[in-house]
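# Survey of secondary and tertiary structure
For reference, the chains in residue letters:
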Amino acid sequence: MTAPANHSFPERRGVCPGLSRPLPTGDGLLLRLITIGTIPLDAFAALCTAARRHGNGIIEITARGSVQIRGLNADSASKFADEIATLGIAAEDGVPVLCNPLAGLDAEEIFDASMLAAALRGALARRSLAERLDPKVSVIIDGGGPFNLARVAADFRLSAQLVNGTPALHIGVGGDAGRAIDLGLIAPEYALKTALRLLSVLAQRGSSVRASAVIAAEGAIPFHDALASARAASATPFDPDGATNLNLSSASSQSKDAIGLHQLRDGSLACGIGLAFGHAEASLLEKVAGAAAAAGARGLRTAPNRALLAIGLTPQDAATFFPAADQLGFVTRAGDPRRHVLACAGAPLCVSGYIAARALAPRIVAAAAPYLGDGSTLHISGCGKGCAHAGAASLTVVGTVDRCALIANGSARGAPFAAATVGELPAAVARYFRERCSAAAIGPGHGADHV
Ligand code: SF4
């Protein structure tokens, strides 16, 4: 559950803020909630109402599946935090321990990651270890199945595999599933001890140390040692050498898209929808919670890549929920080009905005849609602060005093290669992505340099 807010509000950028730690951004303070499990529909609707009352009415679901409330100030953030603390929404309050969006429900998961995650959260709450860790340190516990967290980066990943039909956990350090350094396998009953020992490796090196920094400075040896000591303490040691010759079945290194239908263990369905351009007005999210309730859902879960899952529907319920969500402007098809686009609220919602980023986005997407495919991202930012996306995008459009700056393969703070007026933007963006597609078809060395 969310802890009562202490309202200390330190101004420290880069820290994942909980209810008691708002983050200063270009459009006021931001509060981030990393929710756990299924959010009851009435609590979700109440959260949206509170965001509307105290913030600027914009809610984001992030690439990692966190909920962000924007446009607060010190006073309203305090009031919002007090209201949310009464709703009983389960949320991370210390080291983020992320598990599959459908953990405990998924018909295809190898084991229930939510149980291990709860045990790890409990163990961390009883120790001082969490206080000695960098606030951005996170752990992923992936129970297997196609709907996983393969694309989400973390300091440590414990990913379920079947070893001759028996669940085991594969330990990875740093990055997403494709980039993490492989430490080997451990039996699930020793996973808690292993996770704590891996986290201790970071804590011993200081409170601003991430796993990637340890790997860069010392290699993976400290983590191999931590795993070896956890294995040595096991009453029935798992045989990692034997396991390499065994029949392994593991989660995919790619994750199934959240948008669409997912079979749950109890025979019902989860229906995934997306937030167009990465965020939605709180009033529309309230309405989508109402549509989920009307369709018979028992709650909502957030999912990576800016998605929401309505839990516990029948195929008939889903057939009413999807059109209702579509009508409200949510993404209901995996191929929707709006999934490739991030836009902040922009003017007039945000006083710092030079352009109406969110309002312009549909027109720009309509022009560029034929060229927005896998791997392409467009970020439309009302000003140079880049609130909607801190990292690089294939193309970033930034509002300035008189024109819009266009930045290729960079962030909102990158160097522009061209400029366009608001009126020219749809054609300029479409031309950029068309040339990018052509260059990709021709091969390397033919990048789109001009619009
Ligand atoms: S215009 Fe957009 S990027 Fe600039 S401060 Fe406002 S929300 Fe942030």
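Scroll up to find the structure.
Residues numbered from 1 in each chain as written. Predicted model: local features only at pLDDT ≥ 70, side-chain atom pairs only at ≥ 80, totals over all residues.

### Quick word on the overall build of the protein chain
The number of helices and strands found in the protein chain is 11 helices and 20 strands. Going through the 451 residues of the protein chain one by one, you find that 52% of them count as buried. Long-range contacts, defined as pairs at least 24 residues apart, comprise 65% of the intrachain contacts of the protein chain with a sequence gap of at least 6. (Helix = DSSP H or I, 4+ residues; strand = E, 2+ residues; numbered from the N terminus. Buried ≥ 20, exposed ≤ 12 C-beta atoms within 10 Å, placed from the backbone. Contact = placed C-beta atoms within 7 Å.)

### Looking at the packing of helix α8 (residues 282-295) against helix α9 (residues 315-327)
How two helices sit against one another is set out by the angle between their axes and by the gap between those axes. Axis separation between α8 and α9 bottoms out at 9 Å; the angle between their running directions is 165°. Overall, the two elements α8 and α9 adopt an arrangement that is roughly antiparallel. For the pair α8 and α9, the sense of crossing is right-handed. Across the interface between the two elements, V288, A291, A292 and A295 from α8 touch D317, T320, F321, A324 and A325 from α9. Split by residue class, the contact of α8 with α9 holds 7 nonpolar, 1 polar and 1 charged. (Axes fitted to C-alpha atoms, helices over the stretch in contact; angles between N-to-C directions. Parallel < 35°, antiparallel > 145°, perpendicular 65-115°, else oblique. Left-handed = near helix turned anticlockwise from the far one by under 90°. Nonpolar A, V, L, I, M, F, W, Y, C, P; charged D, E, K, R; others polar.)

### Digging into the pairing of strand β6 (residues 139-142)
Of the two faces of β6, the one lined by V139 and I141 and the one lined by I140 and D142 are each fully buried. Pairing of strand β5 (residues 97-99) with β6, which is carried by 3 bridges, proceeds in the parallel orientation. Paired with L98 across the bridge in β6 is I140. In this fold, β5 hands off to helix α3 (residues 113-125), which returns the chain to β6; that crossover is left-handed. In terms of strand pairing, β6 meets strand β7 (residues 156-163) through 4 bridges, oriented parallel. Considered in β7, the bridge of I140 is made with R157. (Pairing = 2+ DSSP bridges. Right-handed = clockwise from strand over helix to strand, strands pointing away.)

### So, the pairing of strand β19 (residues 404-410)
Bridge count for strand β18 (residues 393-399) against β19 is 6 bridges, and the pairing is antiparallel. Paired with G399 across the strands is C404, a residue of β19. Counted along the chain from β18 to the antiparallel partner β19, the turn is 4 residues long. Examined bridge by bridge, β19 and strand β20 (residues 418-420) share 3 bridges and lie antiparallel to one another. Within the sheet, the bridge partner assigned to L406 lies in β20 and is A418.

### What about the site of the ligand?
The local shell around the ligand holds 15 residues, among which G26, C344, C350, G382 and C387 are the closest. A per-class count over the shell around the ligand returns 6 nonpolar, 7 polar and 2 charged. (Near = placed C-beta within 6 Å.)

### Quick look at the sheet that holds strand β14 (residues 299-303)
Strands in a sheet are paired, the pairing made by backbone hydrogen bonds, and the direction either parallel or antiparallel. The strand order β11-β12-β15-β14 describes an open sheet built from 4 strands, whose pairing is antiparallel. The outermost strands of the open sheet, each flanked by one partner alone, are β11 (260-263) and β14. Taking the axes of each pair of neighbouring strands and ignoring which way they run, one obtains an average angle of 30° across the sheet. Two strands pair when backbone bridges link them, and strand β12 (residues 269-274) and strand β15 (residues 307-313) are joined in this way by 6 bridges, in the antiparallel orientation.

### Here's the deal with α8
If you check α8, its first and last C-alpha atoms are 20 Å apart, about what 14 residues at 1.5 Å a residue would give, namely 20 Å. Along α8, the positions that sit buried rather than exposed are A282, L285, E286, K287, V288, A289, A291, A292 and A295. Looking at the packing, one finds that the buried side of α8 touches α1 (41-54), β3 (58-61), β13 (279-281), β14, β15 and α9. Count one or two residues on from α8 and you reach G296, which has phi positive near 100°. (Expected span 1.5 Å × (residues − 1).)

### So, the packing of α3 against helix α4 (residues 191-203)
Axis separation between α3 and α4 bottoms out at 10 Å; the angle between their running directions is 45°. Between α3 and α4, the angle falls in the class oblique. Between α3 and α4 lies a crossing whose hand is right-handed. From α3, L116, A119, L120 and A123 reach across to α4, where they touch A191, L192, A195 and L196. Of the residues in the contact of α3 with α4, the class split is 8 nonpolar, no polar and no charged.

### Side note on the nonpolar core
In terms of nonpolar packing, the biggest core is built from 150 residues, with L309, A310 and V429 touching the most fellow members. In terms of residue count, α1 provides more of this core than any other element does, 8 residues in total. In this view, A310 contacts A270, C271, A292, A295, A297, L300 and F321; residues no more than four positions away in its chain are not counted. (Core = buried A, V, L, I, M, F, W, Y, C linked by C-beta atoms within 7 Å.)

### Some remarks on α4
Residue pairs three or four apart in sequence face the same way in an α-helix, which turns once every 3.6 residues. For α4, which comprises 13 residues, the first-to-last C-alpha distance of 18 Å matches the rise-based estimate of 18 Å (1.5 Å per residue) to within 8%. Residues A191, T194, A195, L198, L199, V201 and L202 constitute the buried set of α4. Along the long axis of α4, the arc covered by the buried residues comes to 145°, so they all point the same way. (Arc of directions from axis to C-beta.)

### Description of the sheet that holds β13
Strand order across the open sheet formed by 5 strands is β1-β2-β4-β3-β13, with antiparallel pairing between neighbours. Edge positions in the open sheet fall to β1 (23-25) and β13, since each of these has one partner strand only. Ignoring which end each strand starts from, the neighbouring axes of this sheet average 30° apart. Across 3 bridges, the pairing between β1 and strand β2 (residues 28-33) is antiparallel. Bridge pairing links L23 to L30 in β2.

### Quick notes on the environment of G178
When you line up the elements, G178 lands in the loop between β8 (166-173) and β9 (181-186). Separated by 27 residues in sequence, G178 and R151 have C-alpha atoms that sit 7.8 Å apart.

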